[in-house]
Amino acid sequence: MSNNFIVENNFLSEELQYKETVFTMGNGYLGTRGTFEEGYPNENAATLVNGVFDDIPIVYTELVNAPNWIQLTVFIEGERFRMDRGKVLEYRRKLNLKNGVLSRHIRWQSPAGHTVDIVFERFASMAQEHVLAVRCQVTPVDFSGQVVIQAGLPGHVDNDGWLHWKFLDQGQMPEGAFIEVQTKKTAHMLVEACSLRTDDAMAVYAYQDCHWCPTLVASSELALGQTLTADKLVTIYTSRDVESPRQTAIEALQEVQAQGYEALREANTAAWAEVWEASNIVIEGDAAADLALRYSLFQLLIAAPRHDDRVSIPAKSLSGFGYRGHAFWDTEIFMLPFFIYTQPETARRLLLYRYHTLGGARRKAQAEGYEGAMYAWESAGTGDETTPKWVPLPNGELIRIWCGDIELHISADIAYSVLLHWQVTGDDAFMRDYGAEIILETARFWGSRAEWVADLDRYEISDVIGPDEYHDHVDNNAYTNEMARWNLRAALDVLEWLETSAPDKLAQLITALDLTSERLAHWEVVINKLYVGYNPETRLFEQFDGFFKRKGVDLADYEPRTESMQALLGVEGAQEYQVLKQPDVLMLLYLHEADYDQATLQANWDYYTPRTDLSYGSSLGPAIQAALAARMQDLEAAYHHFIHAARTDLQDVRGNTSDGIHAATNGGLWQAVIFGFAGLRFTGAGPVVNPRLPEGWTRLKFRVCHRGRWYDFDLSATQ
Ligand code: BGC
């Protein structure tokens, strides 16, 4: 890997919050935003431990901001180091994508005129996910004197003003301190324990028992040019992980202390090397694309659970408060392929999350009067629906959000990804024990949801929202109906497979899910008679009934713009127009490539692309649009969409990076490269590529795992 660093050479306070997201680091267990160790009043510090949800009004539940383990304050001859006082003479921040280590070098002159070099470094260990570390090195440049380091565990941290924690205990232990807190409603306990050591044999240590913030202090007298190295080691456990988080965290801290910072860092680097061995992609000839892509994969890797199969990846990963840590179809349709092909064990865990949350999906179906499993549009700990019904617009007006009620396609999307996982990994045991039930339960939902329209002799699905959320309460959304049909067909296929491969399991599922022959016959009828608006002459799918009759729009008329078309036309106004938030029909064609010919793709591309708000609609769109454009050999359009998507967070192109990483975009970028530019397909004869590399790309190198076997690709451009 050549291009491994995200670097920032200036500290600009106006970029503070978006850069906090960009410099998020983590290890799949937790994510910590790129705030500074010394803390600032306008910062948005957050550490999100996946799965630690607590209740809150309106949005039901959210991931809870954990005690701020990175906190470390430096005092130079009594003056507190902070970059908004005194003078910052040199500044450089670096995120090392190779091993997840975030570092910062500052030369600072205190208001009293003492100049110091300070180097911070921190990581969340990829080798031991409960282990975190901060190193701080201080060197007096033009004085000799006292340097004091304070390292605390502040537990009084909130989510945008909402305090989820109840204080349980804190205290001192040999060479360390701990804090124990508990979420108010869900009663998850969380303990952080930390130690502080320096390399100065003469340093004086103390413990300050500040309520909510147990703090360790180390004080040293430094000579001019002498470097003090202080290491804060932290362990973190919750009652989701172990029975007694306090005891485990304290014991683990002792072990970690015995290893020391350097050894921990080495183990972390080694663990990362293994991860990258499977997941890295190298692009030569386009350094910006190479780095942006690696950054995207890094963000996916630090958000993905490595040991927990009861959590998913939130839409904003573990990097911000946006969408409150809820998971959407973003995980299955956009991110999962990356994991299926490069980290299959992680993919399996992510799908197990959907298996474990079948209970919530069944409750939702039942509450709505349907059968089977109707997955939550926004899902958290239990799988019950957590989409807020109302959200305030920036002007304070409340708008009704219908996605939790009628954005149904997620159930089929999840079934789709279960089948994809099976095809790619060949993991029959997973399909037999878990996957089949997901596909059958979602099929039962569709079977009960499809409405028979006798006059027209067909089934319909009315009153839904498709992927294009600019239009709600629409009938016969092509994406939804085709995915429902696909889901029913997949269920019948899986039943056939179980018949020969796992008859006992089949018998069990037939009884448990009431899979009578009448029900299966009904599925066949729905498959054959589910209506979709498609014109064989034009080859166009109508996105939903009456879409073609909505008002036309030329997006060019609104340029230049800095807002979404929905913001410009209004929530109600946008409904009247043929303007899309994100690909909808095209998404269908993308997912079912083998079922549609090039002419159909071209016709729908030509129709829908100019009507799609790719710059300010959903961030999910551009990467998929890039993959499709590459498939159609339109490399200019493909690269344009690809690079737009690749800049989403690094350049804050949508202005909302401060809310968190756009994780679906990251997954979409991987797909654009692998399925778009490399043109990877698996045929009966094995993997085949059909490369169409953007101009300037001289080499594209990646690996994928198919049915347990790794395939290495090293594609070069012939100029
Ligand atoms: C998009 C959805 C997406 C959600 C979470 C919305 O703006 O329209 O497709 O699932 O964001 O990323």
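Scroll up a little and you will see the structure.
Residues numbered from 1 in each chain as written. Predicted model: local features only at pLDDT ≥ 70, side-chain atom pairs only at ≥ 80, totals over all residues. Heavy atoms only, no water.

Draft legend 1. Seen up close, the sheet that holds strand 10 (residues 115-124). Taking strand neighbours across the sheet as the criterion, the nine strands line up as 1-8-9-10-11-18-15-14-13 in an open arrangement whose pairing is antiparallel. The sheet is open, and its two borders are formed by strand 1 (5-8) and strand 13 (165-173), each paired with just one other strand. Along the sheet, successive strands turn relative to each other by an average axial angle of 15°, direction set aside. In this sheet, strand 18 (residues 228-238) lies alongside strand 15 (residues 189-198) in antiparallel orientation, the contact comprising nine bridges. Note on strand 18: the bridge partner recorded for Glu192 is Ile236. Strands strand 9 (101-109), strand 10, strand 11 (131-140), strand 13, strand 14 (176-183), strand 15 and strand 18 of the sheet are contacted by helix 2 (residues 245-279), whose axis makes an angle of about 135° with strand 18. (Pairing = 2+ DSSP bridges. Helix = DSSP H or I, 4+ residues; strand = E, 2+ residues; numbered from the N terminus. Axes fitted to C-alpha atoms, helices over the stretch in contact; angles between N-to-C directions. Contact = heavy atoms within 4.5 Å.)

Draft legend 2. Seen up close, unusual backbone geometry. Cis peptide bonds are those with omega within 30 degrees of zero, and the linkage from Glu559 to Pro560 qualifies with -10°. Among the secondary structure elements, Pro560 is positioned in the loop between strand 25 (540-541) and helix 13 (565-569). Phi is positive for Asn476, which is not a glycine, with a value near 55°. Its place among the elements puts Asn476 in the loop between strand 23 (458-460) and helix 10 (478-501). The phi dihedral of Asp652 is positive, around 50°, even though this residue is not glycine. Relative to the helices and strands, Asp652 resides in the loop between helix 18 (635-646) and helix 19 (663-677).

Draft legend 3. How the structure looks around the site of the ligand. Lining the immediate environment of the ligand, one finds Ala315, Tyr323, Phe328, Trp329, Asp330, Trp377, Glu469, Lys581, Gln582, Ser618 and Leu620. Take Trp329: an N or O atom from its side chain is 2.9 Å from an oxygen atom of the ligand. Glu469 is positioned such that a nitrogen or oxygen atom in its side chain is 2.8 Å from an oxygen atom of the ligand. Within the complex, 90% of the 310 Å² of free accessible area of the ligand lies under protein. The residue makeup of the shell around the ligand, split by class, is six nonpolar, two polar and three charged. (Near = heavy atom within 4 Å. Polar contact = N/O pair within 3.5 Å; in protein donor to acceptor, adjacent residues only side chain to side chain. Areas by Shrake-Rupley, 256 points an atom, 1.4 Å probe, with all protein chains shown as cover. Nonpolar A, V, L, I, M, F, W, Y, C, P; charged D, E, K, R; others polar.)

Draft legend 4. View of the side chain of Gln182. Summarising the element assignment, Gln182 is placed in strand 14. Judged by its relative accessible area of 14%, Gln182 is buried. In this view, Gln182 contacts His164, Trp165, Lys166, Leu168, Ala187, His188 and Met189; residues no more than four positions away in its chain are not counted. (Buried < 20%, exposed > 50% of the residue type's maximum accessible area, 1.4 Å probe, protein only.)

Draft legend 5. Molecular detail of the pattern of salt bridges. Considering all chains together, one arrives at 46 salt bridges under this definition. Linking Arg519 and Glu371 is a salt bridge whose minimum nitrogen-to-oxygen distance equals 3.0 Å. Placement of the pair is Arg519 in helix 12 (residues 517-529) and Glu371 in the loop between helix 6 (358-367) and strand 20 (390-392), with a sequence separation of 148 residues. Classification of Arg519 by relative accessible area gives buried; the value is 10%. Exposure remark for Glu371: the relative accessible area of 35% places this residue in the partly exposed category. The shortest N-O distance in the salt bridge between Asp457 and Lys529 comes to 2.8 Å. Placement of the pair is Asp457 in the loop between strand 22 (451-453) and strand 23 and Lys529 in helix 12, with a sequence separation of 72 residues. (Salt bridge = Lys/Arg side-chain N within 4 Å of Asp/Glu carboxyl O.)

Draft legend 6. Up close: the sheet that holds strand 19 (residues 282-284). Across the sheet, three strands lie side by side as 19-28-29; this open sheet has antiparallel pairing. What marks the edges here is a single partner per strand, and that holds for strand 19 and strand 29 (709-716). Each strand of the sheet is rotated relative to its neighbour by a mean of 15°, with strand direction disregarded. Bridge count for strand 19 against strand 28 (residues 699-706) is three bridges, and the pairing is antiparallel. What sits directly across from Ile283, in strand 28, is Leu700.

Draft legend 7. Inspection of the packing of aromatic side chains at higher detail. If you walk through the whole model with that rule in mind, you get 42 aromatic pairs. A ring pair is formed by Phe328 and Trp377, whose centres lie 5.9 Å apart and whose planes are at 90°; its orientation type is edge-to-face. One end of the pair, Phe328, is in the loop between helix 3 (287-303) and helix 4 (329-342); the other, Trp377, is in the loop between helix 6 and strand 20, and 49 residues separate them in sequence. A relative accessible area of 3% places Trp377 in the buried class. Taken together, the ring pairs in this structure connect Phe338, Phe339, Tyr341, Trp670, Phe675, Phe682 and Tyr711 into an aromatic cluster. Sitting over the face of the ring of Tyr531, Arg458 holds its NZ or CZ atom 3.7 Å from the ring centroid. (Phe/Tyr/Trp six-rings, centres within 6.5 Å; stacked < 30°, edge-to-face > 60°. Lys NZ or Arg CZ within 6 Å of the ring centre and 35° of its normal.)

Draft legend 8. Local environment of the side chain of Thr139. With respect to the helices and strands, the residue Thr139 is situated in strand 11. At 2.8 Å, the side chain of Thr139 forms a polar contact with the side chain of Thr227.

Draft legend 9. Region of the structure containing the layout of surface pockets. Taken as a whole, the second largest pocket spans an internal volume of roughly 780 Å³. Forming the walls of the second largest pocket are 25 residues, and the residues nearest its centre are Tyr341, Tyr416, Leu420, Gln423 and Leu591. Elements supplying a minimum of two residues to the lining of the second largest pocket: helix 4, helix 8 (410-425), helix 15 (585-591), helix 19 and strand 26 (681-683). In terms of residue count, helix 8 provides more of the lining of the second largest pocket than any other element does, five residues in total. Here the lining of the second largest pocket is composed, by residue class, of 14 nonpolar, five polar and six charged. (1 Å grid on protein atoms, 1.4 Å probe; cavity = no way out; pocket = protein on both sides within 12 Å on 5 of 7 lines; lining within 4 Å. Points joined across faces, edges and corners; volume = space filled by probe spheres on them.)

Draft legend 10. Examining empty space enclosed by the protein more closely. In this structure the tally under the stated criterion is four cavities of 30 Å³ or more. In this structure, the largest cavity encloses a volume near 50 Å³. Considering the residues around the largest cavity, the lining is formed by 13 residues, among which Asn50, Phe53, Ser312, Gly325 and Ala380 are closest to the centre. Ranked by residue count, the leading element in the lining of the largest cavity is strand 4 (residues 47-56), at three residues. Looking at side-chain class alone, the lining of the largest cavity contains seven nonpolar, five polar and one charged residues.

Draft legend 11. Main features of the nonpolar core. By size, the foremost hydrophobic cluster in this structure holds 203 residues, and its most contacted members are Val74, Ile149, Ile281, Trp329, Phe339, Phe642 and Leu700. Here this core gets 13 residues from one element, more than from any other, and that element is helix 10. Leave out the neighbours within four places in its chain, and Ile281 touches Asp290, Leu293, Arg294, Leu297, Trp670, Val673, Ile674, Leu700, Lys701 and Phe702. Listed in part, the 17 residues of the second largest apolar core include Ala193, Tyr237, Ala249 and Val256. (Core = buried A, V, L, I, M, F, W, Y, C linked by side-chain atoms within 4.5 Å.)

Draft legend 12. Looking closely at the environment of Ala127. Within the secondary structure layout, Ala127 lies in the loop between strand 10 and strand 11. On the basis of relative accessibility, which here comes to 38%, the residue Ala127 falls in the partly exposed class. Sequence spacing of Ala127 and Leu614 is 487 residues, and the spatial spacing of their C-alpha atoms is 39 Å. If near-sequence neighbours (up to four positions away) are discounted, Ala127 is found in contact with Ala267, Asn268 and Ala271.

Draft legend 13. Structural view of the pairing of strand 16 (residues 204-210). Judged from the seven bridges that link them, strand 16 and strand 17 (residues 213-222) form a sheet pairing that is antiparallel. Looking at strand 17, one finds that Asp209 is bridged to Pro214. A loop of two residues connects strand 16 with strand 17, the two strands running antiparallel in sequence, and Trp212 in this loop sits at a positive phi of about 75°.

Draft legend 14. Spotlight on the packing of helix 16 (residues 598-608) against helix 17 (residues 621-631). For the pair helix 16 and helix 17, interaxial distance at closest approach is 11 Å and the crossing angle is 130°. The orientation of helix 16 relative to helix 17 falls into the category oblique. Helix-helix and strand crossings are classified by hand; for helix 16 and helix 17 the assignment is left-handed. Mapping the contact onto sequence places Gln598, Leu601 and Trp605 in helix 16 and Gln625, Leu628, Ala629 and Arg631 in helix 17. Its residues assigned to classes, the contact of helix 16 with helix 17 shows four nonpolar, two polar and one charged. (Parallel < 35°, antiparallel > 145°, perpendicular 65-115°, else oblique. Left-handed = near helix turned anticlockwise from the far one by under 90°.)

By themselves, these observations are geometric and do not establish any function.
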